[in-house]
Amino acid sequence: SLGQNDVYLNIAGGLRIAEPAADLAVAAALVSAATDRPTDPGTVYFGEVGLSGEVRQVAQAESRLREAAKLGFGRATLPRRVARGGKAPAAPEGIVLTETGHMADQVAVFAEQTVKPRRAGG
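Here the structure is a predicted model, which is why all the values come from computation and not from measurement.

(A) Representation of the side chain of Thr77. As for its position among the elements, Thr77 is in strand S4 (residues 75-79). What makes Thr77 buried here is its relative accessible area of 7%. In contact with Thr77, other than residues within four places in its own chain, are Leu24, Thr43, Val44, Tyr45, Phe46, Thr98, Thr100 and Gln106.

And the structure:
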């Protein structure tokens, strides 16, 4: 449980993150560390995470997805479109979208992943 630990986050290169859309990526990294299950290196995460764990929509989702496709990502996890009849962004060719509405959903995804045992010498 993360609630019983001190958590320190180091952003590479001393970058400053003022973009709320980075919340979901940071939260996914923390869940990954807590569950000892790595994130998929081919997945990009973006969305704002509220204090109660809800994942909120962010501006420019389609342009973020286009940029992710250019960078070679094959999957994207982004906020669920539920508010005010929100329309899902168009997925660029080659990107599979996964929507999430709450961090509990993200924790469940990591908990469901199976770790394949390594064989000795292989």
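That covers the picture; the talk isn't over yet.
(B) A look at the sheet that holds strand S1 (residues 43-45). With parallel pairing, the three strands of this open sheet are ordered in space as S1-S4-S5. Both outer strands of the open sheet, S1 and strand S5 (96-100), are each paired with one neighbouring strand and no more. Across the sheet, the mean angle separating the axes of adjacent strands is 25° when strand polarity is ignored. Two elements, S4 and S5, share five bridges in a ladder whose sense is parallel. Bridge assignment links Leu78 to a residue of S5, and that residue is Glu99.

(C) How the structure looks around unusual backbone geometry. Phi angles above zero are rare outside glycine, and Asp36 is one such case at about 55°. Along the chain, Asp36 turns up in the loop between helix H1 (23-35) and S1. Classification of Asp36 as exposed rests on a relative accessible area of 66%. Phi is positive for Gln60, which is not a glycine, with a value near 60°. Along the chain, Gln60 falls in the loop between strand S3 (55-56) and helix H2 (61-70). For Gln60, a relative accessible area of 58% corresponds to the exposed category.

Criteria and thresholds
Residues numbered from 1 in each chain as written. Predicted model: local features only at pLDDT ≥ 70, side-chain atom pairs only at ≥ 80, totals over all residues. Heavy atoms only, no water. Helix = DSSP H or I, 4+ residues; strand = E, 2+ residues; numbered from the N terminus. Buried < 20%, exposed > 50% of the residue type's maximum accessible area, 1.4 Å probe, protein only. Contact = heavy atoms within 4.5 Å. Pairing = 2+ DSSP bridges. Axes fitted to C-alpha atoms, helices over the stretch in contact; angles between N-to-C directions.

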